[in-house]
Protein chains: 2
Amino acid sequence: MRLTRYFLPVTKETPADAQIVSHKLMLRAGLIRQTAAGIYAWLPLGLRVLKNIEAIVREEQNRAGAVELLMPTLQSADLWRQSGRYDAYGPEMLRLKDRHDRDMLYGPTNEEMITLIFKDGARSYRDLPRILYHIQWKFRDEVRPRFGVMRGREFLMKDAYSFDLDEDGLRKSYEAMFVAYLRTFARLGLQAVPVKAPTGPIGGDLSHEFHILADTGESALFYDAAIEEVTRDDLLSADASTIARLTGLYAMEEEEHAKVADCPVPAERLRSRRGIEVGHIFAFGTKYSASMGVSIQTKDGSQIHPQMGSYGIGVSRLIGAIIEASHDEAGIVWPESVAPFRVGLINMRADDAACTHAADRLYGQLCEAGVETLYDDRDERGGAKFATMDVIGLPWQLIVGPKGLEKGVVELKRRATGEREELSVESALARLAG
Amino acid sequence: MRLTRYFLPVTKETPADAQIVSHKLMLRAGLIRQTAAGIYAWLPLGLRVLKNIEAIVREEQNRAGAVELLMPTLQSADLWRQSGRYDAYGPEMLRLKDRHDRDMLYGPTNEEMITLIFKDGARSYRDLPRILYHIQWKFRDEVRPRFGVMRGREFLMKDAYSFDLDEDGLRKSYEAMFVAYLRTFARLGLQAVPVKAPTGPIGGDLSHEFHILADTGESALFYDAAIEEVTRDDLLSADASTIARLTGLYAMEEEEHAKVADCPVPAERLRSRRGIEVGHIFAFGTKYSASMGVSIQTKDGSQIHPQMGSYGIGVSRLIGAIIEASHDEAGIVWPESVAPFRVGLINMRADDAACTHAADRLYGQLCEAGVETLYDDRDERGGAKFATMDVIGLPWQLIVGPKGLEKGVVELKRRATGEREELSVESALARLAG
């Protein structure tokens with residue numbers, strides 16, 4: 001993509017209302033723009049990151065055998081009256097009326113709706129087990145939206161729902177999602193700590209939250225240092241034994257930790273850090289399948305209510321979490337897996353015909369090789385171009401200037417480390433296309 | 001995908017409230033499920049079609065140089081007060097209040113918001129021309145939602161907005177979108193008729209609607225038969241001359257046609273057919289850029305309001321339009337470009353070990369070859385499997401049965417024509433992987 005044809009409103013000023021670094025950098029790097037309190041438009045660069053994260057989340061859901069569908073954003077209040085949650089849910093639920101004065105709501109979650117859909121489509125034990133998921137915009141009317149997309153009101157979430165014949169099946173579905181979560185966060189370049197969670201109003205007896213460690217996190221965590229020894233490779237090859245290893249290690253949110261009389265972790269191994277919740281999984285049994293009358297015929301002819309679980313990932317929030325975990329003084333440092341472009345190509349002298357010719361040619365070669373490239377072909381000073389590339393945080397910067405061209409070289413800079421090297425165009429291409 | 005692990009609630013009954021064939025078939029084929037009046041959940045098979053259509057729309061927008069972003073579904077009423085449309089827009093706009101009693105609305109379109117976003121990000125003539133687009137759920141509170149996704153309330157739309165320095169630029173952007181639309185509809189296997197449209201409340205002087213010809217269309221069209229001579233190849237290679245050729249031919253909606261005193265088309269060449277509106281493009285000039293104060297510095301230092309246009313495609317509605325245009329007694333007949341799977345593989349005897357072994361093996365080979373396959377591995381009668389495959393309308397059916405296997409053959413059926421042929425597994429694979 002040529003920057004002269006793109007829409008990338010990068011700003012130097014840090015907006016006054018942005019308190020945390022991810023919020024500041026998302027605004028400065030032209031990823032988002034606020035359009036109302038806690039509601040954001042995703043500008044072209046931000047949308048590319050969002051789609052990359054969404055794709056990884058989707059791949060891991062599919063890999064776990066979950067089937068994708070898409071539920072609408074608006075729901076009928078009657079649906080929530082069936083489960084009893086319409087009145088129970090607080091003012092975070094955005095309630096509205098349509099032109100016929102019917103009570104509607106903007107879905108904050110979808111347990112009721114998916115239960116209804118499953119009820120209509122499944123009859124017998126042959127239709128189970130199933131995990132259904134969608135990735136859809138949701139709304140929670142936060143009283144004080146802040147921290148940018150980390151605590152916004154309209155946000156993108158992946159929510160999955162499992163349906164099983166018995167508790168043993170539910171446990172298997174729960175484990176499959178647990179593995180999917182470990183893999184998802186590892187692929188996003190994040191270290192996620194699973195924390196046993198109280199089940200609260202959603203009910204049920206088994207629940208874990210997944211937290212990204214970051215100083216600006218809203219939760220305080222206490223955990224066994226051994227959790228930090230679990231490697232990325234361990235997570236990418238996670239199975240039931242990985243879950244057993246992780247859940248066997250102490251990890252609690254402050255509130256729960258405070259209730260523990262004798263912490264089983266010796267003081268020298270107890271870590272206290274802040275975390276950002278990016279995922280939450282629940283096994284809640286028959287709460288919705290019973291209240292909404294889902295009846296499934298078993299092999300022996302009896303009728304049961306399926307055992308259910310629900311599994312959420314905050315897709316849009318993850319962008320904030322990734323930036324909190326990966327940035328420096330100059331701006332964002334994207335992990336390769338989610339970077340909006342792999343390479344930022346800089347033409348140092350757009351007013352120099354030879355330099356522009358060389359940069360144009362290199363851009364064409366990168367595109368041909370399938371390397372996602374943002375090409376700064378603007379007629380601007382080199383300093384402004386470097387600052388832009390640093391703040392938007394693409395993994396590689398490739399710099400074409402008249403002096404280097406005389407020597408037959410271009411400069412390659414790795415954003416994460418700042419390392420620079422001069423090399424021939426051919427070598428640069430070979431490196432980046434790899 | 002194995003049907004035993006999928007979620008495909010196919011039904012035999014035709015729902016009473018479904019009046020038109022696309023609505024009936026979408027419900028029968030398990031593509032959608034209504035969750036409230038005019039609001040639908042997209043079941044797994046329907047979502048795949050929706051994504052395929054979305055991908056084609058996106059490719060053609062990108063090809064035309066448009067840049068994708070994503071605006072939120074909810075908007076602040078204040079934004080619409082700036083343009084004066086908040087009070088002007090009728091009861092189709094879903095108005096609501098958040099917990100702080102602020103007026104909000106669920107966006108039916110995005111002229112105001114994109115103008116605001118552009119205003120913040122563009123300063124000078126260097127930042128123009130631009131076409132920005134998004135593909136997002138919108139809401140129009142139809143008084144009587146009907147015809148399934150054709151006139152639903154929550155619907156998926158692609159809307160693009162162009163910004164140019166002058167009217168000549170606007171005309172070029174309008175033409176680029178016109179070409180994109182011709183190519184998009186041709187790739188979707190549809191014949192679209194561009195009809196000159198009155199500009200109405202949106203203002204401006206140039207507007208075209210794109211209609212798909214179908215007996216159940218809501219509009220009555222009158223047009224020159226020569227329009228039918230424009231071929232698919234003409235449309236796929238469309239340029240300014242194609243637009244000139246098409247817009248030079250008479251085509252009007254009934255209401256406008258009735259106002260024409262002397263129709264320029266001789267009676268024998270005047271066609272009257274019904275159409276489904278699937279796209280609408282407008283050039284409306286400075287209506288929003290002036291009212292919302294967008295100021296751009298030109299090369300000579302003066303300030304202007306950019307010339308704007310907007311360009312919509314009803315993405316979810318297109319599914320209904322495609323089915324209206326492509327179905328038979330037995331069900332849907334998907335064009336290859338949007339089919340949810342390319343092949344439906346039928347195991348005729350899931351209770352026969354040899355037959356199942358052969359079908360499983362073939363399924364593995366199709367997956368390996370990258371052929372999107374829905375594998376009916378259920379323990380059901382052959383008749384039920386044929387009916388399911390016919391109603392969901394995948395382009396190819398591949399039938400594995402004990403009798404064929406004895407002769408070393410499988411059966412390949414082309415859904416569109418009903419043609420069947422027996423051939424070896426190797427030949428079938430070669431044919432389908434092509």
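Please read these numbers as outputs of a predicted model, since none were measured by experiment.

Criteria and cut-off values
Residues numbered from 1 in each chain as written. Chains lettered and ligands numbered in written order. Predicted model: local features only at pLDDT ≥ 70, side-chain atom pairs only at ≥ 80, totals over all residues. Helix = DSSP H or I, 4+ residues; strand = E, 2+ residues; numbered from the N terminus. Rg over C-alpha atoms; globule rule 2.2 N^0.38 Å. Buried ≥ 20, exposed ≤ 12 C-beta atoms within 10 Å, placed from the backbone. Domains from an automatic or database assignment. Contact = placed C-beta atoms within 7 Å. Nonpolar A, V, L, I, M, F, W, Y, C, P; charged D, E, K, R; others polar. Pairing = 2+ DSSP bridges. Core = buried A, V, L, I, M, F, W, Y, C linked by C-beta atoms within 7 Å. Axes fitted to C-alpha atoms, helices over the stretch in contact; angles between N-to-C directions. Least-squares fit on C-alpha atoms with pLDDT ≥ 70 in both. pLDDT = per-residue confidence, 0-100.

**Things to note about the overall build of chain A**
Phase 1 of the analysis: Broken down by element type, chain A carries 15 helices and 23 strands.
Phase 2 of the analysis: Compactness check: chain A gives a C-alpha radius of gyration of 25 Å against a globular reference of 22 Å for 434 residues, within 12% of the reference.
Phase 3 of the analysis: Its C-alpha atoms give chain A principal-axis dimensions of about 80 × 60 × 45 Å.
Phase 4 of the analysis: Per-residue burial for chain A yields a buried fraction of 47% across its 434 residues.

**As for the domain arrangement of chain A**
Residue and element names in this part refer to chain A.
Phase 1 of the analysis: As assigned here, chain A comprises domain 1 (3-331) and domain 2 (343-433).
Phase 2 of the analysis: One C-alpha centre belongs to domain 1, the other to domain 2, and the line joining them spans 38 Å.
Phase 3 of the analysis: Taken residue by residue, the interface counts 8 residues in domain 1 and 10 residues in domain 2.
Phase 4 of the analysis: Partitioning the side of domain 1 that touches domain 2 into residue classes produces 5 nonpolar, 2 polar and 1 charged.

**Thoughts on the pairing of strand 6 (residues 103-106) of chain A**
Residues and elements named next belong to chain A.
Phase 1 of the analysis: In the sheet, strand 4 (residues 74-76) pairs with strand 6 via 3 bridges, with the strands oriented antiparallel. Residue Ser-76 lies in a different strand from strand 6, and its bridge partner there is Met-104.
Phase 2 of the analysis: In sequence, strand 5 (residues 94-97) turns back onto strand 6 through a hairpin of 5 residues, with Asp-101 there showing a positive phi of about 65 degrees.

**Some remarks on the interface of chain B and chain A**
The parts lose accessible area when they come together, and the size of an interface is often stated as this lost area.
Phase 1 of the analysis: Between chain B and chain A, the residue contacts involve 41 residues of the former and 41 residues of the latter.
Phase 2 of the analysis: Within the residue set of the side of chain B that touches chain A, elements represented by two or more residues are strand 1 (32-36), strand 2 (39-42), helix 2 (44-63), strand 3 (67-68), strand 4 (74-76), strand 5 (94-97), helix 5 (111-121) and strand 7 (130-139) of chain B.
Phase 3 of the analysis: Across the side of chain B that touches chain A, the residue classes tally to 26 nonpolar, 6 polar and 9 charged.

**Looking at the nonpolar core**
Phase 1 of the analysis: Counting 251 residues, the largest nonpolar core has Ala41(A), Leu132(A), Met177(A), Ala41(B), Leu132(B) and Met177(B) as the members making the most contacts within it.
Phase 2 of the analysis: Apart from residues no more than four positions distant in its own chain, Met177(A) is found in contact with Ala64(A), Ala160(A), Ile281(A) and Tyr311(A).

**Points about helix 1 (residues 21-28) of chain B**
Residue and element names in this part refer to chain B.
Phase 1 of the analysis: For helix 1, the buried fraction is high: 6 of the 8 residues fall into the buried class.
Phase 2 of the analysis: For helix 1, the complete set of buried residues consists of Ser-22, His-23, Leu-25, Met-26, Leu-27 and Arg-28.
Phase 3 of the analysis: Packed against the buried residues of helix 1 are strand 1, helix 2, helix 11 (315-325), strand 17 (327-328), strand 18 (331-332) and helix 13 (382-392).
Phase 4 of the analysis: Of the residues flanking the end of helix 1, it is Gly-30, one or two places downstream, whose phi is positive at about 65 degrees.

**Let's talk about the sheet that holds strand 5 of chain B**
Residues and elements named next belong to chain B.
Phase 1 of the analysis: Taken together, 3 strands build an open sheet; the order of strands is 4-6-5 and the sheet is antiparallel. A single partner strand is all that each edge strand has here, and the edge strands are strand 4 and strand 5. Direction aside, the axes of adjacent strands within the sheet are offset by 35 degrees on average.

**Some points on the relation of the copies chain B and chain A**
Phase 1 of the analysis: Taken as rigid bodies, chain B and chain A are interconverted by a rotation of 180 degrees and an axial shift of 0.0 Å, the fit giving an RMSD of 0.0 Å. Such a combination of rotation and displacement between the chain copies is what one expects of a two-fold axis. For chain B, the minimum C-alpha distance to the rotation axis belongs to Leu96(B) and amounts to 2.8 Å.
Phase 2 of the analysis: By residue overlap, the copies meet face to face through one surface: 100% of the interface positions of chain B are interface positions in chain A.

**Looking at the confidence of the model for chain A**
Phase 1 of the analysis: Scored by pLDDT, chain A has a mean of 95; 98% of the residues are at 70 or more.
Phase 2 of the analysis: The ipTM for the predicted assembly is 0.96, set against a pTM of 0.97.

**Focus on the sheet that holds strand 19 (residues 343-347) of chain B**
All names here are of chain B.
Phase 1 of the analysis: Taken in spatial order, the 5 strands make up an open sheet running 20-19-21-22-23, and their pairing is mixed. Each edge of the sheet is formed by a strand with only one pairing partner; in this case those strands are strand 20 (373-376) and strand 23 (420-423). Adjacent strand axes in the sheet meet at a mean angle of 20 degrees, parallel and antiparallel pairs treated alike.
Phase 2 of the analysis: When strand 19 meets strand 21 (residues 396-400), the two strands line up parallel, connected through 5 bridges. Bridge assignment links Val-343 to a residue of strand 21, and that residue is Trp-396.

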